[in-house]
Amino acid sequence: MENINKSRLFLASALALITTAMTFAIRARLETVFGPEGIGLTLEQIGYAFTPAFFGFTLAMIFGGPLVDLLGIKKITWMAFATHAIGIVWTLFASSMTSLFLATLFIGIGNGLVEAALNPLIASMYSDQKTKMLNRFHVWFPGGIVIGSIAGWFIMDVLGLDWQIMVATLFIPLVMYGILFFGQEFPVTERVKLGISNKQMMGSVTQPLFIFMVLCMFLTAASELGTTQRIESLLKTSVASPLLVLAFINGIMALGRLSAGQVVHKLKPAGMLLYSAIFTLAGLWLLTITSGGMTFVAAAVFAVGVTFFWPTMLGFVAEYLPETGALGLSIMGGAGMFSVSLVLPIMGKLMDNANATEALRTMSILPAILIVAFIGLNIYMKKRNKA
């Protein structure tokens, strides 16, 4: 890796993830633009219009994962840049459920390709600190949501400007990460470096432990992103500015991920996941019974819970199942985003037919299941380590 500028590649990767994360925050704000009080879509229709952000992400990761080994990290990264650019431009011209759906699809594919290319990039560059550095890289997912949330609140709620100006802010990190990646040399993926064959990789993703982690990823991702993606509708009767709650949640997440190295050392990945599930369950229930300033207290508990979910799930697989390679990381990320694409319309229907409290209570079932699953994982890992 003599000719590889790790610091520049890491910075460019962070900006690519900021672009990805800002789309989540801005999309949350667009819910009111396109909703019943705006263009006139129902909350269920908006849920369907937003689903390609997640199944597009899933498809990009599932197909992009193996292609990262075949084509290289660099080509997949530039494919992410191109689809991001198309999706942002299309969003600027969206005026119906169909156009919003298609714009969101391209952004979802771009987001998925970012994860498909850059998770293996980080794992390859920092092979002796995978969980720590993946958490540090994923600081910029909540960090980007904070940036996008504040930008959306300031542009639309404070300045009263058009929503297209808010969407156009996505070009700033997009252009920056394109410039930083331009002309750089990229490392090969860890699977290629270790000489693991395609047959070995394909066989490794059928291991019971990997399948278990994929199933858990469905629930961890839905608990985190299903809730935060619909924050405007879930909290509109609890607080004046739900986007500020979203920024608050993700600010806590970003700070938590910066200290991930210390937490990993004390708890190990399996322990981190168990404590995350407990706090997530408590946070979701608190959100159903609080309003005003106390909503921020509930949101803080929820934020502590979801902080380590996504990067630690990836770090666990990279650390304990390295033979799954880029495909393993892509399947994990794809499963997570696919689960969110399923839960968004369900949450919308619950809010249309019942209320936000019912939707939050239903979502709390997911971390309750995860508590049981991660207790089992901790027992298994202790036995495995002794053996």
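Residues numbered from 1 in each chain as written. Predicted model: local features only at pLDDT ≥ 70, side-chain atom pairs only at ≥ 80, totals over all residues. Heavy atoms only, no water.

**Student:** Looking at this model, I keep getting lost on the overall build of the protein chain. Mind explaining?
**Tutor:** The secondary structure content of the protein chain amounts to 20 helices and zero strands. The C-alpha atoms of the protein chain give a radius of gyration of 20 Å, which matches the 21 Å a tight globule of 387 residues would have. With respect to the principal axes defined by its C-alpha atoms, the protein chain has extents near 55 × 45 × 30 Å. The buried share of the protein chain, reckoned over its 387 residues, is 59%. Expressed as a percentage of contacts within the protein chain between residues at least 6 apart in sequence, the contacts between residues at least 24 apart total 85%. A total accessible area of about 14800 Å² is found for the protein chain, and carbon and sulfur atoms account for 68% of it. Here the protein chain holds 23 positive side-chain charges and 17 negative ones, and the gap between their average locations is 10 Å. (Helix = DSSP H or I, 4+ residues; strand = E, 2+ residues; numbered from the N terminus. Rg over C-alpha atoms; globule rule 2.2 N^0.38 Å. Buried < 20%, exposed > 50% of the residue type's maximum accessible area, 1.4 Å probe, protein only. Contact = heavy atoms within 4.5 Å. Areas by Shrake-Rupley, 256 points an atom, 1.4 Å probe, with all protein chains shown as cover. Lys, Arg positive; Asp, Glu negative; His and termini not counted. Charge placed at Lys NZ, Arg CZ, Asp CG, Glu CD.)

**Student:** Would you mind going over the confidence of the model for the protein chain with me for this structure?
**Tutor:** Reading predicted coordinates in detail is not appropriate for stretches of low pLDDT. Summary statistics for the protein chain give a mean pLDDT of 87 and a share of 98% for residues scoring 70 or more. At the level of individual helices and strands, the protein chain shows its lowest average pLDDT in helix 10 (residues 190-194), which scores 71, and its highest in helix 9 (residues 171-181), which scores 97. (pLDDT = per-residue confidence, 0-100.)

**Student:** Help me out: how do you make sense of the environment of Val139 in this one?
**Tutor:** For Val139, the position within the fold is in the loop between helix 6 (130-137) and helix 7 (140-158). The residues touching Val139, leaving out its near neighbours within four places in the chain, are Ala254, Arg257 and Leu258.

**Student:** Teacher, can you tell me more about the nonpolar core here?
**Tutor:** Core analysis: the largest hydrophobic core is formed by 123 residues, its most contacted members being Phe34, Met213, Met332, Phe374 and Leu377. Top element by residues in this core is helix 1 (residues 6-34). It accounts for 16 residues. Apart from the residues within four sequence positions on either side, Phe374 is in contact with Cys216, Thr220, Leu273, Leu274, Ala277, Phe309 and Met313. (Core = buried A, V, L, I, M, F, W, Y, C linked by side-chain atoms within 4.5 Å.)

**Student:** Could you clarify how one ought to interpret empty space enclosed by the protein in this entry?
**Tutor:** The rolling of a water-molecule-sized probe over the atoms marks out the regions of remaining empty space. Summed over the entire model, instances satisfying the criterion amount to three cavities of 30 Å³ or more. Put simply, the largest cavity is a space of about 100 Å³. If you go around the largest cavity, you meet 13 residues; those closest to its centre are Ala123, Glu190, Gly325, Ala326 and Leu329. Among the elements that make up the lining of the largest cavity, the one with the highest residue count is helix 18 (residues 325-353) (three residues). Across the lining of the largest cavity, the residue classes tally to eight nonpolar, three polar and two charged. Its volume calculated, the second largest cavity comes out at about 90 Å³. Looking at the second largest cavity, the residues that line it are Thr23, Ile26, Arg27, Leu30, Phe50, Thr91, Leu100, Ala103, Thr104, Ile107, Val167 and Leu170. Of the residues assigned to the lining of the second largest cavity, the class counts are eight nonpolar, three polar and one charged. (1 Å grid on protein atoms, 1.4 Å probe; cavity = no way out; pocket = protein on both sides within 12 Å on 5 of 7 lines; lining within 4 Å. Points joined across faces, edges and corners; volume = space filled by probe spheres on them. Nonpolar A, V, L, I, M, F, W, Y, C, P; charged D, E, K, R; others polar.)

**Student:** What's the story with helix 20 (residues 365-386) in this structure? I'm lost.
**Tutor:** Since one α-helical turn is 3.6 residues long, residues separated by three or four positions face the same way. For helix 20, with 22 residues, the first-to-last C-alpha span of 33 Å sits near the 32 Å given by 1.5 Å per residue. Along helix 20, the residues classified as buried are Leu366, Pro367, Leu370, Ile371, Ala373, Phe374, Leu377, Asn378 and Met381. (Expected span 1.5 Å × (residues − 1).)

**Student:** So what exactly am I meant to see when it comes to a nonpolar patch on the surface here?
**Tutor:** A cluster of nonpolar side chains, contributed by Phe154, Val158, Leu159, Leu161 and Ile165, occupies part of the molecular surface with about 420 Å² of accessible area. Tracing the chain through its elements places Leu159 in the loop between helix 7 and helix 8 (163-168). (Patch = residues over 30% accessible without salt bridge, like charges linked within 9 Å, V, L, I, M, F, W, Y side chains within 5 Å. Salt bridge = Lys/Arg side-chain N within 4 Å of Asp/Glu carboxyl O.)

**Student:** Help me understand the side chain of Thr324 in this model?
**Tutor:** Positionally, Thr324 belongs in the loop between helix 17 (309-320) and helix 18. Relative accessible area serves as the criterion here: at 1%, Thr324 is assigned to the buried category. Polar contacts involving the side chain of Thr324 include one to the main-chain carbonyl oxygen of Leu321, which spans 2.7 Å. Setting aside chain neighbours within four positions, we find Thr324 in contact with Met201, Ser204, Val205, Phe210 and Val317. (Polar contact = N/O pair within 3.5 Å; in protein donor to acceptor, adjacent residues only side chain to side chain.)

**Student:** Help me out: how do you make sense of the packing of helix 7 against helix 14 (residues 242-258) in this one?
**Tutor:** Helix-helix packing is characterised by the crossing angle of the two axes and by the distance between the axes. Remark: helix 7 packs on helix 14, axes separated minimally by 7 Å, with the N-to-C direction vectors making an angle of 155°. Judged on the interaxial angle alone, helix 14 and helix 7 are roughly antiparallel. Note that helix 7 runs across helix 14; the crossing there is left-handed. For the pair helix 7 and helix 14, the contacting residues are Phe141, Pro142, Gly143, Ile145, Val146, Ser149, Ile150, Gly152 and Trp153 in the first and Leu243, Leu244, Leu246, Ala247, Asn250, Gly251, Met253, Ala254 and Arg257 in the second. Broken down by class, the residue content of the contact of helix 7 with helix 14 amounts to twelve nonpolar, five polar and one charged. (Axes fitted to C-alpha atoms, helices over the stretch in contact; angles between N-to-C directions. Parallel < 35°, antiparallel > 145°, perpendicular 65-115°, else oblique. Left-handed = near helix turned anticlockwise from the far one by under 90°.)

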